[in-house]
Amino acid sequence: MSPNRCDGLLAKVDFPLYTLQTLTNRHVLVAGGGGASNTGVANGFEIFELSHNGTRFVAEEVMRYETGPNVVMTCSVRNTQNRIYLAAGQESHCQLYKVNVKMVDAAEMRRGSFRAENGLVRRRRTISENDNISKMEREKRNHTTDKRMSFEIRPCESVQTDFAKDPLQRVVTISHNGKMMATGGIDGVVRIWSFPKMQLLFELEGHTKELDDLDFSPCDSRLVSIAKDGQALLWGTSAKAAPLLSLACQPPNGTKYLFRRCKFGEIEDRKGEYRMFTIANPLARSGKQKGLLQLWEPTSGQLQRTVLIGESLSALAVRDDGRFVGVGTMFSGSVDIYIAFSLQRVLHVSGAHGMFVTGLQWVGAKGGAGGALQGRSEAALLSISVDNRLVVHTLPYPSTLPVWVAILLIIFVLFCTFCLCSYLGI
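Residues numbered from 1 in each chain as written. Predicted model: local features only at pLDDT ≥ 70, side-chain atom pairs only at ≥ 80, totals over all residues. Heavy atoms only, no water.

*Asks:* Where do I start with the overall build of the protein in this structure?
*Replies:* Counting its regular elements, the protein contains three helices and 29 strands. Counting the 426 residues in the protein, one finds 52% classified as buried. Sequence-distant contacts in the protein: of pairs separated by 6 or more residues, those separated by 24 or more amount to 55%. Accessible surface, the protein as shown: approximately 19,500 Å² in total, 53% of it carbon and sulfur. (Helix = DSSP H or I, 4+ residues; strand = E, 2+ residues; numbered from the N terminus. Buried < 20%, exposed > 50% of the residue type's maximum accessible area, 1.4 Å probe, protein only. Contact = heavy atoms within 4.5 Å. Areas by Shrake-Rupley, 256 points an atom, 1.4 Å probe, with all protein chains shown as cover.)

*Asks:* What's the story with the pairing of strand E29 (residues 389–395) in this structure? I'm lost.
*Replies:* Along any regular strand the residues' side chains alternate between the sheet's two faces. In terms of burial, E29 is largely enclosed, as six of its seven residues are buried. Pairing of strand E1 (residues 8–12) with E29, which is carried by four bridges, proceeds in the antiparallel orientation. Among the inter-strand pairings, Gly8 is bridged to a residue of E29, identified as Val392. Inspection of the sheet shows strand E28 (residues 379–385) paired to E29 by six bridges, in the antiparallel sense. Note that in E29 the partner of Ala380 across the bridge is Thr394. The turn linking E28 back onto E29 is made up of three residues, and Asn388 within it adopts a positive phi angle of 75°. (Pairing = 2+ DSSP bridges.)

*Asks:* Mind showing me how you'd approach the sheet that holds strand E14 (residues 200–205) here?
*Replies:* The strands making up a sheet associate through hydrogen bonds between their backbones, and the pairing can be parallel or antiparallel. A sheet is described by the order of its strands in space; here four strands give the open sequence E11-E12-E13-E14, paired in antiparallel fashion. Two strands in the sheet have a free side with no partner beyond their single neighbour: strand E11 (169–174) and E14. Taken pair by pair, the neighbouring strands of this sheet meet at an average axis angle of 20°, ignoring direction. (Axes fitted to C-alpha atoms, helices over the stretch in contact; angles between N-to-C directions.)

*Asks:* Quick question: what am I supposed to make of the pattern of salt bridges here?
*Replies:* Under the counting rule described, the total for this entry stands at 20 salt bridges. Across the pair Glu152 and Lys102 runs a salt bridge whose closest N-O atoms are separated by 4.0 Å. Highlighted residues: Glu152 in strand E10 (residues 147–160) and Lys102 in strand E8 (residues 93–105), separated in sequence by 50 residues. The class of Glu152 is buried, set by a relative accessible area of 4%. Overall, Lys102 belongs to the partly exposed group, its relative accessible area being 25%. Between Arg389 and Asp387 there is a salt bridge; the shortest N-O distance is 3.4 Å. By sharing partners, the salt bridges in this structure join Asp14, Glu46, Arg64 and Glu66 into a single network. (Salt bridge = Lys/Arg side-chain N within 4 Å of Asp/Glu carboxyl O.)

*Asks:* For this particular structure, what's the right way to read the nonpolar core?
*Replies:* Nonpolar side chains in soluble globular proteins generally cluster together in the buried interior. Leu10, Phe48, Leu382 and Leu390 are the most contacted members of the largest nonpolar core, which totals 19 residues. Going through the elements one at a time, E1, strand E2 (17–24), strand E3 (27–33), strand E4 (43–52), strand E5 (57–66), E28 and E29 are the ones with two or more residues in this core. For this core, the leading source of residues is E28, giving three residues. Not counting the four nearest positions on each side in its chain, Leu390 is found in contact with Leu9, Leu10, Ala11, Leu20, Val28, Val30, Phe48, Leu382, Ser383 and Ile384. Within the second largest apolar cluster, 18 residues are counted, among which are Leu29, Val99, Phe151 and Ile153. (Core = buried A, V, L, I, M, F, W, Y, C linked by side-chain atoms within 4.5 Å.)

*Asks:* For this particular structure, what's the right way to read the environment of Gly333?
*Replies:* By the secondary structure assignment, Gly333 is in the loop between strand E24 (324–329) and strand E25 (335–339). Along the primary structure Gly333 and His353 are separated by 20 residues, whereas in three dimensions their C-alpha atoms are 4.6 Å apart.

*Asks:* Whenever I open this one, the packing of aromatic side chains confuses me. Can you help?
*Replies:* Ring pairs (aromatic) are described by centroid distance and by the angle formed between their planes. Applying the stated criterion to the full structure yields seven aromatic pairs. Measuring from ring centre to ring centre gives 5.7 Å for Tyr65 and Tyr97, while their planes differ by 75°; the resulting arrangement is edge-to-face. On the criterion of sequence distance, the pair formed by Tyr65 in strand E5 and Tyr97 in strand E8 is long-range, its members being 32 residues apart. As far as burial versus exposure is concerned, Tyr65 and Tyr97 are alike and both buried. Members of the aromatic cluster, each reached through a chain of ring pairs, are Phe45, Tyr65 and Tyr97. (Phe/Tyr/Trp six-rings, centres within 6.5 Å; stacked < 30°, edge-to-face > 60°.)

*Asks:* Could you clarify how one ought to interpret the side chain of Ser377 in this entry?
*Replies:* The topology assignment puts Ser377 in the loop between strand E27 (357–362) and E28. In this structure the side chain of Ser377 is engaged in a polar contact, spanning 3.5 Å, whose partner is the backbone oxygen of Ala379. (Polar contact = N/O pair within 3.5 Å; in protein donor to acceptor, adjacent residues only side chain to side chain.)

*Asks:* Can you help me understand the side chain of Thr358 in this one?
*Replies:* Here Thr358 is to be found in strand E27. On the basis of relative accessibility, which here comes to 16%, the residue Thr358 falls in the buried class. A polar contact is formed between the side chain of Thr358 and the backbone oxygen of Leu17, at a distance of 2.7 Å. Not counting residues within four places of it along the chain, the set of residues in contact with Thr358 comprises Leu17, Tyr18, Ala315, Ile384, Ser385 and Val386.

So, in structure tokens, the structure goes:
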């Protein structure tokens, strides 16, 4: 069964959104912009705090940071050594930011009086178009005197990560242990950097065209890269070497496909083991062609499952615990959720966005700072698009029979059994 539902708009910003990251279990960062042209469209980041009011999710803006003429096309966040780091792709360079956490008076935050020292941060409340925060809820919050978490973004080092004729960093990802960073761009070279010092460790050369995606395995011993040359390459991360594996898309209908995104995911009941997921689109660009979601065994490179999806795909996300996979589409702006091990679709949200989905991120399923936040649902997935919107999609728990109905069924079965035994003379 694949229910069709959309929980709705959480927030709308004033610039196109290209990347979505989790800062804490209750805070998400969106980034993008209008580019260097004088269009009047800003470039930068916005941070929202998520909560659940018992009925639906609510997003409240915590802060905004503008990056001047530099649009943010890709970024990666890692909390390491009690400090949050943000690595952002800005043209040919990777810009490192330190994200400092501050506890401030909640009333001051709601009045918009909090300012960061660098002067580039400002705060204002954003209420979604579907009136996520009721009047009663707002009045209740206005009388709250507790402390709230706020953030200060400060730029640090910047390094050039792509050296093509017209250089552009297309993807960046930080390892789970926070010690390495991988970047890829137009020149097709995967570069491994120390983190957070951002010193080049070595280069991995195997692709002939620009990179599209990178991801570290949960144990950080492997890295997968995909590019427009149609290859998915798996590398070791300890030293420069040839690829360990080279994967081809293997479409079921014989059509030529190119990988679009790649992600590793833990296996829930097998500690230390993981799967790999990819999405791929037909080389011939047409809305009638189907996209592919594929599940791989990353050690042998064996393809385990393939699902055909009604249109080309643009975004992929695997939940931290490895239970669910989310995909976003290219033409209709739809979002789907699948069970990871079987690739059975359990949620379909048609037309969640007016344009293609640019990013997906799971609301925290694990504990940690702030605790898990999923509301009354089994899973919650966030999505963004160049339509400037942040949207949430929740997967309800499987329906169960009420206790009184179960008791009535048991009594009915016992009564029928008694009648049958009486009739048979048993």
